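For reference, the chains in residue letters:
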Amino acid sequence: MSCLLLPNSWSTTIHASKERRVIEPRKKQQDAGSTRDRILITNSKIAQPDSIPPLVSALKTCAHQNAATFHFPGHNRGRAAPSSLVHLIGLKPFIHDLPELPELDDLFSPEGPILEAQKLAAKLFGSSETWFLVGGTTCGIQAAILATCSPGDYLILPRNSHISAISAIVLSGVIPKYIIPDYDCLWDITAGVTLSQIEKAIEELHMEGQKVGAVFITSPTYHGICSNLTDISKLCHSYEIPVIVDEAHGAHFGFHPQLPSSALQQGADLAVQSTHKVLCSLTQSSMLHMSGNIVDRERICRCLQTLQSTSPSYLLLASLDAARAQLSEKPDSIFNNALDLAIETKNLIGNIPGISMLGTPGFSNFPVIDPLRLTFGFWRLGLSGFEADETLYSNQGVISELVGTRSITFAINLGTCRDHIQRLACGIKNLSEASLLSFEKIKGQIEDHCGSAPFTDITMCLNPREAFFARKRKVSIGESLGKICGELICPYPPGIPVMIPGETITKKALEYLVLVKNKGATISGASDPLLNSIVICDV
């Protein structure tokens, strides 16, 4: 057997073989970055797990190899890492930023630690199979729709679905059958969909002789409003139609009696979760869960291989494994503190004069709202959500999750602390004291605002795929009325389209976009973010 001699800075030799060996280098002098890392870990009260999660363990082992590396990425395990980013985050992320080495398994054909990690996740979340995603929930939604729908099929979905569902329609060639969700004008918030709406849509398509590829539901919504997935799933399964749930904001569901049941627990066939939202994986990492036998799992695998990067980040994958392990250590109690803080926040803010709190009375068809998603309205203070948000940030350093025309949504999570709750309450109390208006002025503002959702009167002249590939031109906003929209325009966040390619441009939609832009919203997808012009389909 041949052997490879190492430089003098190493204390041993590696015997060449088909198996790679882990070699520990001589202990080097501790640098300032690692010292800072230890201090942060010590101060954050992070409990050490009883056992290292499989993918985390594989990444750790591989990163500590004494290897002569001639592979990507170009920073070469941190040796050529950009100094500006090293100064910000240290060397450790670069050392563990590894490619698809044999020890780390293959995301698209897992046989080792990725497979083991995904099986552990499936067991925890109650799925028959779970796939790790490095392209966010967007990638999972696209794969779910592509895996269940063929070109020409119909997809039943709420009109306030995330932009990723629209992009999936373009990719797949399916035809949308939109459901207009419930809308509350005081809050300027749309809710979920009801059983009767789904039933009506299915019956209409069946009477027309059309095939329904799948039903797509967003539950919970960004504001935490949940649809009755149990009854919807039973209905769809009676027609042998799969149910896909965009559960981006509900990865924590089902892990505490005070939390809503998860989509899988309610009978969904596919659920896509943003593990990086309420749970604690790195941003952009998500999971796709499957249950039942309606959906072809091989087709899901093919779709994911088509959509996901062939160079997945093992930092993202390992973070999914780590988040799963963190949750599995105490799944029944891990959210106790967060739920207690959410109740405390409601008690502190709920009785402040001029502040409204989102609850079920405004959405009687949707009695379940995520208790960790708190939405407060500011219209009785004469303030938009954008104005209130700017004041809270400037005066108290409070950063919210979602800002709307009438409200702000705050996300309570595992990292929320009491000090931040108190700062939020103090900031809102100060807003109330400084901005409280007379009842007559308030009444006029409320009445002036009431209307309907901006997309209640949609007319689809082209399906989204046809519109995507159609010839286009740009016209002034005044000329666009009545024309066919050629671009997907949505205030962001939350990324809910007001205009979708192929739809007739209406006065209501234009007025709504101008309203939210003037109040401070960012307009995403528009070629002209100032909305002086709009791209239309030239057909």
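Since we're looking at a predicted model, the values are computed, not measured.

Engineer: Mind showing me how you'd approach the overall build of the chain here?
Structural biologist: The secondary structure content of the chain amounts to 17 helices and 19 strands. Sorting the 539 residues of the chain into buried and exposed places 50% on the buried side. Long-range contacts, defined as pairs at least 24 residues apart, comprise 70% of the intrachain contacts of the chain with a sequence gap of at least 6. Counting only carbon and sulfur atoms, one obtains 53% of the accessible surface of the chain, whose full area is about 25,400 Å².

Engineer: Help me out: how do you make sense of unusual backbone geometry in this one?
Structural biologist: Among all residues except glycine, the phi angle is most often negative; among peptide bonds, the trans geometry is most common. Note that the residue after F72, namely P73, is joined by a cis bond; omega there is 0°. Mapped onto the fold, P73 is located in the loop between α2 (54-63) and α3 (83-89). Here the residue pair S219 and P220 is connected by a cis peptide bond, since its omega of 5° sits within 30 degrees of zero. Within the element layout of this structure, P220 appears in the loop between β8 (212-218) and α9 (229-238). The backbone phi angle of R77 is positive, close to 55°, even though this residue is not glycine. Mapped onto the fold, R77 is located in the loop between α2 and α3. The class for R77 is buried, based on a relative accessible area of 11%. Even without being a glycine, L531 presents a positive backbone phi close to 60°.

Engineer: Got a minute to help me understand helix α14 (residues 418-435) in this structure?
Structural biologist: Residues spaced three or four apart along an α-helix face the same direction, because each turn holds 3.6 residues. Over its 18 residues, α14 extends 26 Å from the first C-alpha to the last, a length consistent with the 26 Å expected when each residue adds 1.5 Å. Along α14, the positions that sit buried rather than exposed are I421, L424, A425, G427, I428, L431, S432 and S435. Looking straight down α14, one finds its buried side chains confined to an arc of 160°; they lie on one side. When the buried face of α14 is taken as reference, the exposed residues oriented beyond 90 degrees from it are E433 and A434. Among the structural elements, α12 (336-349), β13 (373-377), α13 (385-396) and β15 (407-411) are those in contact with the buried residues of α14.

Engineer: Would you explain the packing of aromatic side chains in this entry?
Structural biologist: By convention here, two paired aromatic rings are described through the distance between centres and the angle between planes. Going through the model one piece at a time under the given rule, you end up with 4 aromatic pairs. When the centroid spacing of 4.8 Å and the interplanar angle of 85° are considered together, the rings of W187 and W379 count as edge-to-face. Here W187 is found in the loop between β6 (183-184) and β7 (189-190), whereas its partner W379 is found in the loop between β13 and α13, with 192 residues between them in sequence. Judged on exposure class, the residue W187 and its partner W379 are both buried. Ring centres 5.0 Å apart and planes at 80° place the aromatic pair F468 and F469 in the edge-to-face group. Taken individually, F468 and F469 each receive the classification exposed, so the pair is uniform in this respect.

Engineer: Mind showing me how you'd approach the pattern of salt bridges here?
Structural biologist: Working definition: two side chains of opposite charge can pair if their charged atoms are close together. Within the structure shown, the criterion is met by 11 salt bridges. Two residues, R159 and E503, come together in a salt bridge whose shortest N-O distance is 3.0 Å. Within this pair, whereas R159 is found in the loop between β4 (154-158) and α7 (163-172), its partner E503 is found in the loop between β17 (490-492) and α17 (507-518), the two being separated by 344 residues in sequence. Of the two residues, R159 and E503, neither departs from the other in class, the shared state being buried. Through salt bridges with shared partners, a single network forms among E129, R297 and E298.

Engineer: How should a nonpolar patch on the surface be read in this particular structure?
Structural biologist: Together, L85, L88 and I89 make up a nonpolar patch on the protein surface, roughly 280 Å² of accessible area in all. Structurally, the position occupied by L88 is in helix α3.

Engineer: Hey, could you run me through the sheet that holds β13 in this one?
Structural biologist: Picture the strands of a sheet paired through backbone hydrogen bonds; they go either parallel or antiparallel. As summarised here, the arrangement of the 4 strands in space is β12-β13-β15-β14, forming an open sheet in which the pairing is antiparallel. The sheet is open, and its two edges are formed by β12 (356-357) and β14 (402-403), each paired on a single side. Bridge analysis of β14 against β15 gives 2 bridges, and the strand direction is antiparallel. Among the inter-strand pairings, V403 is bridged to a residue of β15, identified as I408.

Engineer: Help me understand the pairing of strand β19 (residues 533-537) in this model?
Structural biologist: Most of β19 is tucked away, with 5 of its 5 residues classed as buried. The two faces of β19 match: S533, V535 and C537 on one face and I534 and I536 on the other face are all buried. Here strand β16 (residues 472-476) pairs with β19 via 5 bridges, running antiparallel. Considered in β19, the bridge of R473 is made with I536.

Engineer: Help me out: how do you make sense of the sheet that holds β4 in this one?
Structural biologist: Strand order in the open sheet formed by 7 strands is β3-β11-β10-β9-β8-β4-β5, with mixed pairing between adjacent strands. Each having just a single partner strand, β3 (129-133) and β5 (175-179) make up the two edges of the open sheet. Between one strand axis and the next, the sheet turns by 20° as a mean value, whatever way the strands run. Strands β3, β10 (270-273) and β11 (286-290) of the sheet are contacted by helix α5 (residues 113-125), whose axis makes an angle of about 120° with β3. α7 contacts β4, β5 and β8 of the sheet and is inclined by roughly 170° relative to β4.

Engineer: What is the right way to look at the packing of α12 against α14 in this model?
Structural biologist: In helix packing, the relevant descriptors are the interaxial angle and the interaxial distance, both defined with respect to the helix axes. Running from N to C, α12 and α14 cross one another at 20°; their axes reach a closest spacing of 10 Å. Between α12 and α14, the angle falls in the class roughly parallel. Relative to α14, α12 is oriented so that their crossing is right-handed. Where α12 approaches α14, its residues L341, E344, T345, L348 and I349 are matched on the opposing element by R418, I421, L424, A425 and I428. Grouping the constituent residues of the contact of α12 with α14 by class yields 7 nonpolar, 1 polar and 2 charged.

Engineer: Just to check I follow, could you spell out the confidence of the model for the chain for this structure?
Structural biologist: Low pLDDT marks regions whose predicted coordinates should not be analysed in detail. Averaged over all residues, the pLDDT of the chain is 88; the fraction at 70 or higher stands at 86%. Counted against residues more than four places away or in other chains, residues 1-48, with its pLDDT under 50, gives 39 contacts.

Procedures and definitions
Residues numbered from 1 in each chain as written. Predicted model: local features only at pLDDT ≥ 70, side-chain atom pairs only at ≥ 80, totals over all residues. Heavy atoms only, no water. Helix = DSSP H or I, 4+ residues; strand = E, 2+ residues; numbered from the N terminus. Buried < 20%, exposed > 50% of the residue type's maximum accessible area, 1.4 Å probe, protein only. Contact = heavy atoms within 4.5 Å. Areas by Shrake-Rupley, 256 points an atom, 1.4 Å probe, with all protein chains shown as cover. Expected span 1.5 Å × (residues − 1). Arc of directions from axis to C-beta. Phe/Tyr/Trp six-rings, centres within 6.5 Å; stacked < 30°, edge-to-face > 60°. Salt bridge = Lys/Arg side-chain N within 4 Å of Asp/Glu carboxyl O. Patch = residues over 30% accessible without salt bridge, like charges linked within 9 Å, V, L, I, M, F, W, Y side chains within 5 Å. Pairing = 2+ DSSP bridges. Axes fitted to C-alpha atoms, helices over the stretch in contact; angles between N-to-C directions. Parallel < 35°, antiparallel > 145°, perpendicular 65-115°, else oblique. Left-handed = near helix turned anticlockwise from the far one by under 90°. Nonpolar A, V, L, I, M, F, W, Y, C, P; charged D, E, K, R; others polar. pLDDT = per-residue confidence, 0-100.

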